[in-house]
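Close look at the chain arrangement
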2 protein chains.
Amino acid sequence: MKTKLLAAGVALAFGAGAGYVLNAYAQVKPETLVKQRQAAMTLQGKYWYRILRPMGQGKIPYDSGAVARTVPLMDALSQMPWDGFSPATKDVKSATLPAAYEQAAKFKEAQDQYRAEMVKLVAVVAKGGDEAAVKAQILAVNKGCDGCHEDFRQRN
Amino acid sequence: MKTKLLAAGVALAFGAGAGYVLNAYAQVKPETLVKQRQAAMTLQGKYWYRILRPMGQGKIPYDSGAVARTVPLMDALSQMPWDGFSPATKDVKSATLPAAYEQAAKFKEAQDQYRAEMVKLVAVVAKGGDEAAVKAQILAVNKGCDGCHEDFRQRN
């Protein structure tokens, strides 16, 4: 099949002027973009839903070492999915709802809200935040996950 | 199916004494571990094979901004696959060769070699390494990728 230019997604990820990166991405198939964004979600699930969220919710014991190791991984992963939601992917089967493409600005806002809370979590941990502060910020990040999932992802 | 305890993989990822994390991981199915490690490989492909490696090889123009944004993502991703190669996964279909389980020490050594080169790349970039230094270290990391793939992954 003919691959498509994905300028929108690339601009989202790398900012304006990164034409060479556009070239690097230009031949990525929509199916590959979906696979990559799903991979980023799978890995966020690994670290968030099994370690950080249950720690924030008090379902497993709090451990500052595990927080220090895991939050930077989530910081990186939380930057990765968004350029995969290029308009070129809208017909590829996935759990993404049409709203993600039809209300792109609202979707972007929800992504940004999640990222902003994650950046705050990184800062809380970096300045040696105590258990209560870290847990509170984990729950704030989690609202960011839910905020996006509610409107833009099929319910399980 | 009955899920299995995956103590080995967890110990690899989080060091000794992280019993609560073991609890968090204890119910992860082998199939899920494989999906997660494959997700980490998929995302390394996104950033390595389409951005950093071709930049290191001079196939696309060098851009220090893109390097600064992408290397930290690779630093995180390069830590993620390894606890997914638990012995419990050896019968799950994947591109992993039996050698990964049968020669676990050698496999671990290849992983560590790759990670060590990635840590060096992070350091080169952090201290404002020039184009030649960064490119040279990208190629060193890439040898680390190949070193593992040659012995432990099916050829495409």
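The structure under discussion appears in the preceding block.
Throughout what follows, the structure given in this document is the object of discussion. Every value quoted in this text rests on a predicted model; they were computed, and no experiment measured them. (Residues numbered from 1 in each chain as written. Chains lettered and ligands numbered in written order. Predicted model: local features only at pLDDT ≥ 70, side-chain atom pairs only at ≥ 80, totals over all residues. Heavy atoms only, no water.)

**Some points on the packing of helix α4 (residues 64–77) of chain A against helix α6 (residues 104–126) of chain A**
Residues and elements named next belong to chain A. The cut-off we apply is this: Lines are fitted to the C-alpha atoms to define the axes, a helix being fitted only along its stretch in contact, and any angle between axes, read from their N-to-C directions, falls within 0 to 180 degrees. Only DSSP runs of H or I covering at least 4 residues are called helices, and only runs of E covering at least 2 are called strands; the numbering of each starts at the N terminus. Roughly parallel covers angles under 35 degrees, roughly antiparallel covers those over 145, roughly perpendicular covers 65 to 115, and oblique covers all other angles. Here a crossing is taken to be left-handed if its near helix is turned anticlockwise relative to the far helix by less than a right angle, and right-handed if that turn runs clockwise. Any two residues whose heavy atoms approach within 4.5 Å are treated as being in contact. In this classification, the charged set is Asp, Glu, Lys and Arg, the nonpolar set is Ala, Val, Leu, Ile, Met, Phe, Trp, Tyr, Cys and Pro, and all remaining amino acids, among them Gly, are polar.
Put simply, α4 and α6 touch, their axes get as near as 10 Å, and they point 150 degrees apart. Of the possible angle classes, the one that applies to α4 and α6 is roughly antiparallel. For the crossing formed where α4 meets α6, the hand is left-handed. Of α6, the residues touching α4 (which contributes Val-67, Ala-68, Val-71, Met-74 and Asp-75) are Tyr-114, Arg-115, Met-118, Leu-121, Val-122 and Val-125. In the contact of α4 with α6, the residues fall into nine nonpolar, no polar and two charged.

**A few points about the environment of Ser-94 of chain A**
Residue and element names in this part refer to chain A. As a reminder, the rule being used: Three exposure classes are used, based on accessible area relative to the maximum for each residue type with a 1.4 Å probe and protein chains only: buried under 20%, partly exposed in between, and exposed over 50%. Whenever two N or O atoms come within 3.5 Å, that pair is a polar contact, provided that in protein one can donate a hydrogen and the other can accept it, and provided that, for residues adjacent in sequence, both atoms are side-chain atoms.
For Ser-94, the location among the structural elements is in the loop between α4 and α5 (99–102). Note on Ser-94: relative accessible area 17%, which makes it buried. Here the alpha-carbon distance between Ser-94 and Glu-31, two residues 63 residues apart in the chain, equals 9.9 Å. Apart from the residues lying within four places of it in its own chain, the contact partners of Ser-94 are Val-34, Arg-37, Gln-38 and Gln-154. At 3.1 Å, the side chain of Ser-94 forms a polar contact with the backbone nitrogen of Thr-96.

**Observations concerning the interface of chain B and chain A**
Counted only if it meets this: Summed over both partners, buried area is the accessible surface (1.4 Å probe) that two parts give up on being assembled. The term salt bridge refers to a pairing of a side-chain nitrogen on Lys or Arg with a carboxyl oxygen on Asp or Glu at a separation within 4 Å.
The partner chain A presents 30 residues to the 30 residues of chain B that form the contact. For the chain B and chain A pair, buried surface summed over both sides reaches about 2,900 Å², with 67% attributable to carbon and sulfur atoms. Viewed at the interface, chain A and chain B are joined by two salt bridges. Its salt-bridge partner being Asp-83 of chain A, residue Lys-46 of chain B comes within 2.7 Å of it at the nearest N-O pair. Here chain B is connected to chain A by four residue pairs in polar contact (both at pLDDT 80 or more). Looking at the side of chain B that touches chain A, the elements with two or more residues in it are α2 (19–26), α3 (30–56) and α4 (64–77) of chain B.

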